[in-house]
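# Per-entry structural report
Given next are the chains, with one letter for each unit.
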Amino acid sequence: PYLPDLDWRNETLAKQMTDDIRDWSERFDLDGVRIDAVPMMPRAATRRIASTLRTLGHVGAPFWMIGENFTGPGSYSSLAFHLGPFGLDTEFHFPWMWATRGAIADQSGSMQDIETAYLEGVRAWGESGAVMGLMIGNHDVTRFASVSSGNAGGDAWEHAPYPTEDTVFEKQKLALALALTMPGAPFVYYGDELAMPGRGDPDSRRVMPSEESLTINARAVRTTFRKLAKVRACSSELRRGKYVPLYADRERLVFARTGEVTREGADVSTEGTALVVVTRNAFGTEGLEIPLSGIPDGTYRDALTGEAISVNSALTFLPGKPFSFHIFLPEGNPCLSK
């Protein structure tokens, strides 16, 4: 009753709206835009917007357009429909989000499902070149922490309680670690870096807690997230490296990110490797011994803790306590000192 319904099939309206978006982008020197509710307008609308914004004289990286196309698990074709050289640069990877929530938050799925969602997406996006947006939740779904706590249901007009179990916060760290180490552009819905609880909308959009009210566990999640973000910012392997599957089962996911890397002060590019080990519930064991085919031998250190391991491509013991993750970089990698 208070907002107009806009018919993008009307040429005059479509031109006016597109001109407005271009004007906002130029006036405020934007680097990109997020387009809401993509499937609720004709595909021609987003393509018109994309075509116009790509003509901007944007300095630096290309102008970037991400779309919110809310889908359920496995809806890859719906996302692919809006990508490509004439469409959006990227969209939020909802199938990956659902797989991650199922594997880690409520443990109804397998850790292998997370890798499968990524690989299925790669096949679906084809040659679009999309760098999909990875997130563990958004404003339209229950909060990850409340799903982990088992109290995400109920009246969304009543606040879900703040979690108290240590495991909930460890799961939050695990999921955030995957969003920052798997291929894609990480997005963090406000409060997820604190394991903020919430049922459905509107509880999922509650006000951020005050700094004074944060628990030790909530602060620990934020501290871990900050460390992860710094490692990612330093490591071109984690930002742009090729994804190399190494091992996946119900409880574990092991992969590498590899690529050509130019180190500071170096004249030539060298092969870089980041080895990521994520463990959900290892049934009391504290490690995994597997071959790491194609991974260079040598000493590697965890970028967050400094823990060292000896990598042998034939057979390597990888640590993995329940609800833990490691980002191992070769000894001497400058990101280890950040």
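The structure reproduced in this document is the subject of the present report.

What counts as what
Residues numbered from 1 in each chain as written. Predicted model: local features only at pLDDT ≥ 70, side-chain atom pairs only at ≥ 80, totals over all residues. Heavy atoms only, no water. Salt bridge = Lys/Arg side-chain N within 4 Å of Asp/Glu carboxyl O. Helix = DSSP H or I, 4+ residues; strand = E, 2+ residues; numbered from the N terminus. Buried < 20%, exposed > 50% of the residue type's maximum accessible area, 1.4 Å probe, protein only. Axes fitted to C-alpha atoms, helices over the stretch in contact; angles between N-to-C directions. Parallel < 35°, antiparallel > 145°, perpendicular 65-115°, else oblique. Left-handed = near helix turned anticlockwise from the far one by under 90°. Contact = heavy atoms within 4.5 Å. Nonpolar A, V, L, I, M, F, W, Y, C, P; charged D, E, K, R; others polar.

Moving on: the pattern of salt bridges. Within this structure, the stated rule accounts for 19 salt bridges. Measuring nitrogen to oxygen at the nearest pair gives 3.5 Å for the salt bridge that ties Glu26 to Arg22. Of this pair, Glu26 and Arg22 both sit in helix α1 (residues 11-27), 4 residues apart, roughly one helical turn. Residue Asp140 pairs with Arg205 through a salt bridge whose shortest N-O separation is 3.3 Å. Remark: Arg205 occurs in the loop between β5 (185-186) and α8 (216-234) and Asp140 occurs in the loop between β4 (133-134) and α6 (144-149); sequence separation between them is 65 residues. Its relative accessible area of 36% is what places Asp140 among the partly exposed residues. Several salt bridges converge on common partners, so that one network encompasses Arg34, Asp36 and Glu68.

Helix-helix packing is described using two parameters, namely the angle between the two axes and the distance between the axes. At a minimum axis separation of 10 Å, α1 and helix α2 (residues 43-53) run at an interaxial angle of 40 degrees. As judged from the angle between their axes, α1 and α2 are oblique. Considering the relative orientation of α1 and α2, their crossing is right-handed. In this structure, α1 contributes Glu11, Ala14, Lys15, Thr18, Ile21, Arg22 and Ser25 to the contact, and α2 contributes Arg48, Ile49, Thr52 and Leu53. For the contact of α1 with α2, the per-class residue count stands at 4 nonpolar, 3 polar and 4 charged.

Another point: unusual backbone geometry. For the bond from Asp201 to Pro202, the omega torsion is 15 degrees, close enough to zero to count as cis. If you check the backbone angles, Gln107 has positive phi at about 55 degrees while not being a glycine. Assignment of secondary structure puts Gln107 in the loop between α4 (94-105) and α5 (111-125).

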